[in-house]
Amino acid sequence: MKSLTPAQRQFLKGLAHSRQPVVMIGNQGLTAAVLKEIERGLDAHELIKIKAASDDPETRRAWLEEICTTTGAASVQQIGRILVIFRAAGKPVIILPA
């Protein structure tokens, strides 16, 4: 899992604010199909929101950690049921501050 500086995290939070979730983790939990969709979302957008259906905060936190570990993405934030992650593309569209 990649780590971000506080300035980079704040910058990405601002960009993510107006975006809608592109992936939803449903009642089946974090499946291979969901991880594949997250990979597609990261490849297409670099910065994505994920909506989690679980009511348990520990489950959502575990999902976020597993997603970041599996995809090589960095966790930007978790607010309630919304998880925000970032992974730079081969040709980055989002340029992070230093």
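Residues numbered from 1 in each chain as written. Predicted model: local features only at pLDDT ≥ 70, side-chain atom pairs only at ≥ 80, totals over all residues. Heavy atoms only, no water.

*Asks:* Lay out the sheet that holds strand β4 (residues 82-86) in plain terms, naming residues and giving numbers.
*Replies:* The strands that make up a sheet pair up through hydrogen bonds in the backbone, lying either parallel or antiparallel. Taken in spatial order, the 4 strands make up an open sheet running β1-β2-β4-β3, and their pairing is mixed. The open sheet terminates on both sides in strands that have one partner only, identified here as β1 (23-25) and β3 (74-79). Pairwise comparison of adjacent strand axes, ignoring direction, gives a mean angle of 25 degrees for this sheet. Strand direction decides the pairing type here: β3 and β4, joined by 5 bridges, are antiparallel. Each residue of the ladder has a partner; that of Q77, found in β4, is V84. Helix-sheet contacts for helix α1 (residues 6-16) involve β2 (47-52), β3 and β4, and the interaxial angle to β3 is about 60 degrees. Packed on one face of the sheet, helix α3 (residues 57-71) meets β1, β2, β3 and β4 and runs near 160 degrees to β3. (Pairing = 2+ DSSP bridges. Helix = DSSP H or I, 4+ residues; strand = E, 2+ residues; numbered from the N terminus. Axes fitted to C-alpha atoms, helices over the stretch in contact; angles between N-to-C directions. Contact = heavy atoms within 4.5 Å.)

*Asks:* I'd like a description of the packing of helix α2 (residues 32-45) against α3, backed by residues and values.
*Replies:* Packing of α2 against α3 leaves a shortest axis separation of 11 Å and a crossing angle of 65 degrees. Helix-helix and strand crossings are classified by hand; for α2 and α3 the assignment is right-handed. Of the residues in α3, those in contact with L35, I38, E39 and L42 of α2 are I67, T70 and T71. (Left-handed = near helix turned anticlockwise from the far one by under 90°.)

*Asks:* Outline the environment of P57, listing residues and values.
*Replies:* Note on placement: P57 falls in helix α3. Residue classification places P57 among the partly exposed residues on the basis of a relative accessible area of 36%. Expressed as a C-alpha distance, the spacing of P57 and K2, which sit 55 residues apart in the sequence, is 22 Å. (Buried < 20%, exposed > 50% of the residue type's maximum accessible area, 1.4 Å probe, protein only.)

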